[in-house]
Amino acid sequence: MREIRLHDTLSGEIVPLRPRDPGRVGIYACGPTVYSRIHIGNARPFVVFSLLKRFLEHEGYEVDLVVNVTDVNDKIYDAARQSNPAHPRASADLAAEMTERYRADTDALGLGRPGHEPLASETIGPIVDYIQTLIAGGHAYVADGDVYFRVRSDPDYGTLSHRRLENMDQGEGSSASDPLAVRKEDPLDFALWKAHKPGEDTCWEAPWGVGRPGWHIECSAMAEQFLGVGFDIHGGGSDLVFPHHENEAAQTRAARGEELAKLWMHNGMIQFTGEKMAKSVGNIALLHEVLDDYGAETVVMYLVSGHYRQPLAFSQAALDQAQANVKRIREAGRRLSPGDSPADLQPLRDRFFDALARDFNTPEAVSVLNEWISAATGPSWDSPGDAHLREMLGVLGLESVLAAGAQAPAEVRELAEQREQARADRDFAAADRLRDEIAALGWEVRDRPGGFDLLPS
């Protein structure tokens, strides 16, 4: 088993992964707030942590990946009202629809699902219990039906984001003119529970009044529900370090007396013309539209082309390059035979996995993968086996590149089979016509001994 080292945001260092339970790794990654379709930026953490799970499993670990869905939030209320101001849509209905669309969009990536995908709306009991513990311990207080966390009650507050208290702004009631400010003991304090307001149609009873949870306490409760306290990796986008993850960490220290997670792992943002991609800015590319235009393999290749911790530029050129890389791998796969790879290629295969063990360096791994392909398809080998290639692609979520024909739509496969029969009947005019029909549907048919392959054109 390789030593796996990952960057820890808390310490600022690349540290060895030392699982709490030997042989098992628990990962909690923050999922989307479901008020609209997700964009390509939302897909990055889904892909990063899905592939990290694959790599850890390849290395012999059992992995429990939890990715939550935030389906109770101010943004959902606002989106439901804006959908039809005269007759606002029920926020729970909007959240349910967008949750299903999120699952469908990420299903289309072909990476499988996390082991658990808890909903905030289904975790209200544990959230209320968590808040009661914080109140009883003097770390939280009730103010007009709201409940706030006393930030200054946690001496370690700010250690995750490496910020000083005077440089922090929770974005809620931080100025004297904000109505929330009068309810707080300290502008730094943040909401654990928000009292019901007019127009908010989803709410629950709690000992301190009707309302709904704040964003930060939702994730603390959901993570602990499935992984307990002190689990191995807490992940998410770098935009969540403060205030979301800082607040999660503080809540758990205050309520449980220990750290929520052993290691905090954050992916960089996808950038569009130099800015973080965000719905609020309007510079988004919806995931399902990018998938329709380029396909899952190209999207995954694009997302692994940059180191997970660094920003990743989004552009047509970047997607075109990823598409070309996928095509090269597919072409190489056609030249390889099934079975074991030559022993002389083993060092390249090992370098691929060593790169992933060094802070999950996918761009270095892809570079080594390309070296392996160049070596395997060079003049030194007559018919090398593809076992190494399949193993490496499987960890990157790209195993389907070597089985593109099986993914062709039924209509395309039927035309290809008709063409195969026409060729057998020596009706070459019909075979040419069917080839053109297949091409018009965006596929290329390639003949091989004993059959054919279908490749996206």
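Scroll up to find the structure.
Small disclaimer: the values here were computed from a predicted structure and weren't measured.

Parameters at a glance
- Residues numbered from 1 in each chain as written.
- Predicted model: local features only at pLDDT ≥ 70, side-chain atom pairs only at ≥ 80, totals over all residues.
- Heavy atoms only, no water.
- Salt bridge = Lys/Arg side-chain N within 4 Å of Asp/Glu carboxyl O.
- Buried < 20%, exposed > 50% of the residue type's maximum accessible area, 1.4 Å probe, protein only.
- Helix = DSSP H or I, 4+ residues; strand = E, 2+ residues; numbered from the N terminus.
- Polar contact = N/O pair within 3.5 Å; in protein donor to acceptor, adjacent residues only side chain to side chain.
- 1 Å grid on protein atoms, 1.4 Å probe; cavity = no way out; pocket = protein on both sides within 12 Å on 5 of 7 lines; lining within 4 Å.
- Points joined across faces, edges and corners; volume = space filled by probe spheres on them.
- Nonpolar A, V, L, I, M, F, W, Y, C, P; charged D, E, K, R; others polar.
- Expected span 1.5 Å × (residues − 1).
- Arc of directions from axis to C-beta.
- Contact = heavy atoms within 4.5 Å.
- Pairing = 2+ DSSP bridges.
- Right-handed = clockwise from strand over helix to strand, strands pointing away.
- Phe/Tyr/Trp six-rings, centres within 6.5 Å; stacked < 30°, edge-to-face > 60°.
- Lys NZ or Arg CZ within 6 Å of the ring centre and 35° of its normal.

Peer 1: What is the right way to look at the pattern of salt bridges in this model?
Peer 2: Working definition: two side chains of opposite charge can pair if their charged atoms are close together. All told, the structure shown has 33 salt bridges when counted by the stated rule. The partner of Arg349 in a salt bridge is Asp350, with the nearest N and O atoms 2.8 Å apart. For Arg349, a relative accessible area of 14% corresponds to the buried category. Between Arg433 and Glu437 there is a salt bridge whose closest N-O contact spans 2.9 Å. With Arg433 and Glu437 both in helix 14 (residues 428-440) and 4 residues apart, this pair spans about one turn of that helix. Look at Arg433 and you get partly exposed, because its relative accessible area is 46%. Taken together, the shared-partner salt bridges in this structure form one network comprising Asp74, Lys194, Glu200 and Arg212.

Peer 1: In this structure, what is going on with the side chain of Lys184? I would like to understand it.
Peer 2: Examined against the element boundaries, Lys184 turns out to sit in the loop between strand 6 (146-149) and strand 7 (190-195). A polar contact of 3.4 Å, which involves the side chain of Lys184, links it to the backbone oxygen of Pro187. Among the polar contacts listed, one links the side chain of Lys184 to the backbone oxygen of Asp189, at a separation of 2.5 Å.

Peer 1: Please explain the layout of surface pockets as it appears in this structure.
Peer 2: Unfilled space is identified by rolling a water-sized probe across the atoms. In this structure, the second largest pocket occupies an estimated 420 Å³ of space. In terms of lining, the second largest pocket is formed by 22 residues, of which the most central are Glu297, Gln323, Arg330, Pro456 and Ser457. At the level of secondary structure, the elements contributing two or more residues to the lining of the second largest pocket comprise helix 8 (296-304), helix 9 (316-335), strand 14 (443-448) and strand 15 (451-456). Among the elements that take part in the lining of the second largest pocket, helix 9 stands out by supplying 7 residues, more than any other. Of the residues belonging to the lining of the second largest pocket, the class tally is 9 nonpolar, 6 polar and 7 charged.

Peer 1: What should I look at first to understand helix 4 (residues 124-136) in this one?
Peer 2: Residues spaced three or four apart along an α-helix point in a common direction, a consequence of the helix completing one turn every 3.6 residues. The end-to-end C-alpha distance of helix 4 is 18 Å, a good match for the 18 Å that 13 residues give at a rise of 1.5 Å each. Along helix 4, the residues classified as buried are Ile124, Ile127, Val128, Tyr130, Ile131 and Leu134. Within helix 4, the buried residues cover an arc of 160 degrees as seen down the axis, which keeps them to one side. If you follow the buried residues of helix 4, they end up packed against strand 5 (140-143), strand 6, strand 7, strand 8 (211-213), helix 5 (215-227) and helix 6 (241-256). With its phi angle positive at about 80 degrees, Gly138 sits one or two positions after the end of helix 4.

Peer 1: Even after reading the chapter, I still don't get helix 7 (residues 287-294), so can you show me in this structure?
Peer 2: Restricting attention to buried positions, one finds in helix 7 the residues Leu287, His288, Val290, Leu291 and Tyr294. One face of helix 7 carries all of its buried residues, which in axial projection span an arc of 160 degrees. Along helix 7, the residues that are exposed and aim more than 90 degrees away from the buried face are Asp292 and Asp293. Those residues of helix 7 that are buried lie in contact with helix 1 (40-58), helix 3 (91-107), helix 8 and helix 9. Phi turns positive one or two residues past the end of helix 7, at Gly295, with a value near 90 degrees.

Peer 1: Sorry, what's going on with the pairing of strand 4 (residues 62-67) here?
Peer 2: Working note: regular strand, side chains alternate between the two faces of the sheet. Sheet analysis places strand 3 (residues 24-29) next to strand 4, joined by 6 bridges and oriented parallel. Considered in strand 4, the bridge of Tyr28 is made with Val66. Traced from strand 3 through helix 1 to strand 4, the parallel crossover comes out right-handed.

Peer 1: Any chance you could explain the packing of aromatic side chains here in plain terms?
Peer 2: How two aromatic rings sit relative to each other is given by the distance of their centres and the angle of their planes. Taken as a whole, this structure holds 9 aromatic pairs when the rule is applied. For the pair Tyr28 and Phe231, a centre-to-centre distance of 6.5 Å together with 55 degrees between the ring planes defines the contact as tilted. Taken together, the positions of Tyr28 in strand 3 and Phe231 in strand 9 (residues 231-237) put the pair 203 residues apart, joining distant regions of the chain. Judged by its relative accessible area of 0%, Tyr28 is buried. On the basis of relative accessible area, Phe231 is assigned to the buried category, the value being 0%. Counting every residue linked through ring pairs, the aromatic cluster contains Phe272, Tyr302 and Phe314. Cation over ring: Arg113 sits above Tyr102, and NZ or CZ is 5.8 Å from the ring centre.

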